[in-house]
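Here is what each chain is made of, one letter per residue.
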Amino acid sequence: MQPIRIKNPDTLLHFLQTHLAGISRSKAKSILAAGVAVNGCLTTRFDYALNVGDTVEIRKHRRTGDLGSKFVKLVYEDAHLVVVEKNAGILSMATSHHSFCVKTVLDNYFDRTNQRCRAHVVHRLDRDTSGLLVYAKTREAEQILEHNWRDIVTDRRYMALLSGVMNQDSGTAESWLKDNKAYITQSSPTDNGGKYAVTHFFVRQRGEAHSLVEFKLETGRKNQIRVHAADLGHPVCGDTKYGNGDDPIGRLALHAFRLNFYHPVTGESLRFETDVPRAFRSVFRPER
């Protein structure tokens, strides 16, 4: 379907119901579950706010099946790759001690749907971080993504619930990161022989004791956001490694909500965005 330009402010769910000949709310939600592109960015948010001039595109073949897992949701699939959203608590790939992971879920799905392929890991999220991941289905796509990751990925963003109230509205954290012998990533303002890391941040909401903060990665180092948040004096809530014990929602409050990249084979610009977990906002009192 050709993109439709918005003429009046609306929510995405209401727009779909109105534009598609008055379809039911449940039918509109099923279309949203498969993904709708707003200004080229795929979203499943029913309350997405549409503004005048935005474009909406109902895309086909973005999802082809159900992974059959309560831990992983299929966001996009084609012949070369899949994009998924994982829950907190599941590994991106197997380790020597744990075999259950996102890759296992995908491989089982490929077997069940008679696809002669395997999921190739391109990048990872920590076990306790939720959000968007891309896996290659072919060796060709894997090699292109692996060797050109920095040029192919155009935007990676995370939302985090931080301990304390941040004064700055936005800023940049930068340092050299290096693991010590205990595999704790240490941060230094000067070159410590580690890797230089740059993280941009934007405060989205403040409460009495917490801040909801968006992070944009300029580099992708191990534990980068968690370490830089601690450097700022406001560690990620629920972080047992770099945190301060503040754990209001019972999990590491870090979610990879945006992933934009060029398709490794077709060159198409792909843009994905998912909802911020409700638990992140639950610590903020509603405005009166």
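Structure: see above.
Residues numbered from 1 in each chain as written. Predicted model: local features only at pLDDT ≥ 70, side-chain atom pairs only at ≥ 80, totals over all residues. Heavy atoms only, no water.

As for its position among the elements, Lys 86 is in strand E8 (residues 81-86). A C-alpha to C-alpha distance of 32 Å links Lys 86 and Gly 53, two positions 33 residues apart in sequence. A polar side-chain atom of Lys 86 sits 2.8 Å from the main-chain carbonyl oxygen of Ile 90. A polar side-chain atom of Lys 86 sits 2.6 Å from the main-chain carbonyl oxygen of Thr 129. (Helix = DSSP H or I, 4+ residues; strand = E, 2+ residues; numbered from the N terminus. Polar contact = N/O pair within 3.5 Å; in protein donor to acceptor, adjacent residues only side chain to side chain.)

For helix H1 (residues 12-19), the complete set of buried residues consists of Leu 12, Leu 13, Phe 15 and Leu 16. Axial view of H1: buried residues confined to an arc of 165°, hence all on one face. Ala 21 occupies a position one or two residues after H1 and carries a positive phi of about 55°. (Buried < 20%, exposed > 50% of the residue type's maximum accessible area, 1.4 Å probe, protein only. Arc of directions from axis to C-beta.)

Moving on: the layout of surface pockets. Taken as a whole, the largest pocket encloses approximately 1,200 Å³ of empty space. Lining the largest pocket we find 40 residues, and of these Arg 124, Arg 156, Gly 220, Arg 221 and Lys 222 sit closest to its centre. Within the residue set of the lining of the largest pocket, elements represented by two or more residues are helix H4 (139-147), helix H5 (149-152), strand E11 (153-163), strand E12 (170-179), strand E15 (210-217) and helix H6 (224-231). It is E11 that provides the largest number of residues to the lining of the largest pocket, a total of five residues. Partitioned by chemical class, the residues of the lining of the largest pocket number 14 nonpolar, 10 polar and 16 charged. (1 Å grid on protein atoms, 1.4 Å probe; cavity = no way out; pocket = protein on both sides within 12 Å on 5 of 7 lines; lining within 4 Å. Points joined across faces, edges and corners; volume = space filled by probe spheres on them. Nonpolar A, V, L, I, M, F, W, Y, C, P; charged D, E, K, R; others polar.)

Attention shifts here to the environment of Val 283. You can see Val 283 is positioned in the segment after helix H7 (278-281). With a relative accessible area of 27%, Val 283 lands in the partly exposed category. Through-space distance from the C-alpha of Val 283 to that of Val 122 is 34 Å; in sequence the pair is 161 residues apart. With sequence-adjacent residues up to four places away left out, Val 283 is seen in contact with Leu 161, His 210, Pro 248 and Ile 249. (Contact = heavy atoms within 4.5 Å.)

Let us look at the pattern of salt bridges. Between side chains of opposite charge, pairing is possible as soon as their charged atoms come close. Counted by the stated rule, this structure contains 14 salt bridges. Between Asp 111 and Arg 118 there is a salt bridge, and its shortest N-O distance comes to 3.0 Å. In this structure Asp 111 comes out as partly exposed when scored by relative accessible area, which is 40%. On the basis of relative accessibility, which here comes to 37%, the residue Arg 118 falls in the partly exposed class. (Salt bridge = Lys/Arg side-chain N within 4 Å of Asp/Glu carboxyl O.)

A few words on the side chain of His 120. The residue His 120 is located in strand E9 (residues 120-121) in this model. Residue classification places His 120 among the buried residues on the basis of a relative accessible area of 12%. Sequence-distant contacts of His 120, that is, excluding residues within four places in its chain, are made with Tyr 135, Ala 136, Lys 137, Thr 138, Arg 139 and Glu 142.

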